[in-house]
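# Breakdown of the fold
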Amino acid sequence: MLTWYFDLVSPFAHLALPRVLALGRKVRLEPIVLGAVLAHWGQLGPAEIAPKRRQTYRQVQFQGGGALRFPPAHPFRSLEALRLVTALGATEAAVTAAFGFIWGQGRDPVVEAEAFAAHLGVTDPAALIAGTGAKDRLRAATEAAIARGVFGVPTLAIGDELFWGADAMPMAEAFLRDPGLFDDPEMRRLDALPMGVERVKR
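## So, the overall build of the protein chain
When its secondary structure is counted, the protein chain shows 10 helices and four strands. When the elements of the protein chain are put in sequence order from the N terminus, they spell out β-α-β-α-α-α-α-α-α-α-β-β-α-α. Taking 17 Å as the expected radius of gyration for a compact globule of 202 residues, we find that the protein chain reaches 18 Å, a close match to that expectation. Projected onto its principal axes, the C-alpha positions of the protein chain cover 55 × 40 × 35 Å. Taking all 202 residues of the protein chain together, the buried fraction comes to 43%. In the protein chain, once contacts between residues fewer than 6 apart in sequence are set aside, the share between residues at least 24 apart is 69%. When the accessible surface of the protein chain is totalled, it reaches about 11,500 Å², and 56% of it is carbon and sulfur.

Here you go:
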């Protein structure tokens, strides 16, 4: 089984979703908390680096065109929305609806929490989240993703191989066609490529 790790806060995950769903095989959609992943690996998100933020947003908008609309503020708190999607079993319908609300309509799932829940067909999100143990399930999924080596979203896991980013989808598709893709000598050399210099951590 393939596993696709995502956080609703990621516009790149929104861009990648149709291609993931088009793979034509069973893919488990797995919500995780990007903030926890970044904290574990000691990384900053693209939106936390001012010049990178502007460039990233422009790139996303360019790629998404008229089908993509940023919510009023970004990054936004996605935790409650992720819990709700988790409570719904992260089905294709729920995940597609959630991304559509945020990145298709450009709406904030926190500011418009009731509308977001209604868009997903839920009348009492707090009860659903509590009754399904979604908080613990989301936390466990995030920890399991980190243990697997996931360092960002979106990430598609195919066996032991991880494909990070919307732009990694062509490589993932090539790997599915040819599982020996990384057996090429130059590819294998990369696994043990030494570091020529390391930055001093302050």
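## So, the pairing of strand β3 (residues 155-158)
Side chains Thr 155 and Ala 157 project from β3 onto one buried face, and the interleaved Leu 156 and Ile 158 project onto a second face that is buried too. Note that strand β1 (residues 2-6) and β3 share four bridges and pair antiparallel. Bridge pairing links Trp 4 to Leu 156 in β3. Pairing geometry for β3 and strand β4 (residues 161-164), over four bridges, is antiparallel. Each residue of the ladder has a partner; that of Ala 157, found in β4, is Leu 162. Between β3 and β4, which pair antiparallel one after the other, the connecting turn spans two residues, and Gly 159 there sits at a positive phi close to 65°.

Thresholds, definitions, all that
- Residues numbered from 1 in each chain as written.
- Predicted model: local features only at pLDDT ≥ 70, side-chain atom pairs only at ≥ 80, totals over all residues.
- Heavy atoms only, no water.
- Helix = DSSP H or I, 4+ residues; strand = E, 2+ residues; numbered from the N terminus.
- Rg over C-alpha atoms; globule rule 2.2 N^0.38 Å.
- Buried < 20%, exposed > 50% of the residue type's maximum accessible area, 1.4 Å probe, protein only.
- Contact = heavy atoms within 4.5 Å.
- Areas by Shrake-Rupley, 256 points an atom, 1.4 Å probe, with all protein chains shown as cover.
- Pairing = 2+ DSSP bridges.

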